[in-house]
Amino acid sequence: MRITRNMMISNFLTDLTRLDQQLSKDQRRISTGLEITVPSQSPGKAARILYFRSKISKVQQYQANIDHITLWTSQTNSILQNIYDLFLHAQELAERGATDTINSEQRAALAEEVNQMIDTLLGYANEKIENFYAFGGNCEMGRPKKKVSFNEALLLELEGLAERLGKRFSDVVNEIL
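Residues numbered from 1 in each chain as written. Predicted model: local features only at pLDDT ≥ 70, side-chain atom pairs only at ≥ 80, totals over all residues. Heavy atoms only, no water.

## Some thoughts on the overall build of the chain
When you go through the chain residue by residue, the secondary structure sums to five helices and two strands. Ordered by position in the sequence, the α and β elements of the chain form the string α-α-α-β-β-α-α. Out of the 177 residues belonging to the chain, those deemed buried represent 13%. Approximately 14,600 Å² of the chain is accessible, and the part contributed by carbon and sulfur atoms is 57%. (Helix = DSSP H or I, 4+ residues; strand = E, 2+ residues; numbered from the N terminus. Buried < 20%, exposed > 50% of the residue type's maximum accessible area, 1.4 Å probe, protein only. Areas by Shrake-Rupley, 256 points an atom, 1.4 Å probe, with all protein chains shown as cover.)

## Regarding a nonpolar patch on the surface
There is a patch of nonpolar side chains on the surface, built from Ile 9, Phe 12, Leu 13 and Leu 16 and spanning about 390 Å² of accessible area. Leu 13 sits in the partly exposed class, given a relative accessible area of 45%. (Patch = residues over 30% accessible without salt bridge, like charges linked within 9 Å, V, L, I, M, F, W, Y side chains within 5 Å. Salt bridge = Lys/Arg side-chain N within 4 Å of Asp/Glu carboxyl O.)

## Observations regarding the packing of helix H2 (residues 43–97) against helix H3 (residues 104–125)
Running from N to C, H2 and H3 point in directions that differ by 165°, and their axes come no closer than 11 Å. If you check the angle between H2 and H3, you find them roughly antiparallel. Viewed along their axes, H2 and H3 form a crossing whose handedness is left-handed. Together, Ile 79, Asn 82, Ile 83, Leu 86, Phe 87, His 89, Ala 90, Leu 93, Arg 96 and Gly 97 of H2 and Arg 107, Leu 110, Glu 113, Val 114, Met 117, Thr 120, Leu 121 and Tyr 124 of H3 make up the contact between the two elements. In the contact of H2 with H3, the residues fall into eleven nonpolar, four polar and three charged. (Axes fitted to C-alpha atoms, helices over the stretch in contact; angles between N-to-C directions. Parallel < 35°, antiparallel > 145°, perpendicular 65-115°, else oblique. Left-handed = near helix turned anticlockwise from the far one by under 90°. Contact = heavy atoms within 4.5 Å. Nonpolar A, V, L, I, M, F, W, Y, C, P; charged D, E, K, R; others polar.)

## Side note on the confidence of the model for the chain
Where the model shows low pLDDT, its predicted coordinates should not be examined in detail. Summarising the model, the chain shows a mean pLDDT of 85, and 90% of its residues fall at 70 or more. When mean pLDDT is compared element by element in the chain, H2 scores highest at 93, while helix H4 (residues 150–165) scores lowest at 75. (pLDDT = per-residue confidence, 0-100.)

## A few points about the environment of Lys 45
On the secondary structure map, Lys 45 appears in helix H2. Judged by its relative accessible area of 37%, Lys 45 falls in the partly exposed class. Here the alpha-carbon distance between Lys 45 and Glu 35, two residues ten residues apart in the chain, equals 9.1 Å. Sequence-distant contacts of Lys 45, defined by excluding residues within four places in its chain, comprise Glu 35 and Ile 36.

## What about helix H1 (residues 5–32)?
Compared with the 40 Å implied by 1.5 Å per residue over 28 residues, the 40 Å span of H1 between its first and last C-alpha is a close match. Gly 33 sits one or two positions beyond H1 and adopts a positive phi of about 80°. (Expected span 1.5 Å × (residues − 1).)

## Considerations on the pattern of salt bridges
One pass over the structure, following the stated rule, counts three salt bridges. Note that Asp 26 and Arg 29 form a salt bridge whose closest N and O atoms lie 3.3 Å from each other. On the criterion of helical spacing, the pair formed by Asp 26 and Arg 29 is a turn pair, its members being three residues apart in helix H1. The exposure class assigned to Asp 26 is partly exposed, which follows from its relative accessible area of 28%.

Okay, structure coming up:
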């Protein structure tokens, strides 16, 4: 078979066109960073890409959850350590106040210090982490913990007792008096 000049040119042009198309694909792949740009280019690879994207998304969500929990546990641990230290100091004050060697002025000073410690404790109890109260449950309306007087505390306790007993509040108060 005789190879003509036209056949050689035709083969050369075919090869050149094929190489140009391959170069264009390679340049597109390099510029976009994607091996395939539409799923029809390689359905098998597209399915694998979607599978791995979903796995990556799950791992990223796990990482975000871990970061969130790490923040909460570290900050909660810090708050609880501060509360523990406060209780140790309160115990020291109670032991100091329980002795007969101090006078009424010193006891009043200890009582004032305990009141300040209660305010500090309430501050710790109302501590926020990421705009949520650490120890406030789902409280969305103001500070969940507040300081109440002895009478208010007694009233709240009696209301709770009446509710637990399934009785009216006035009946519980009459039984106690």
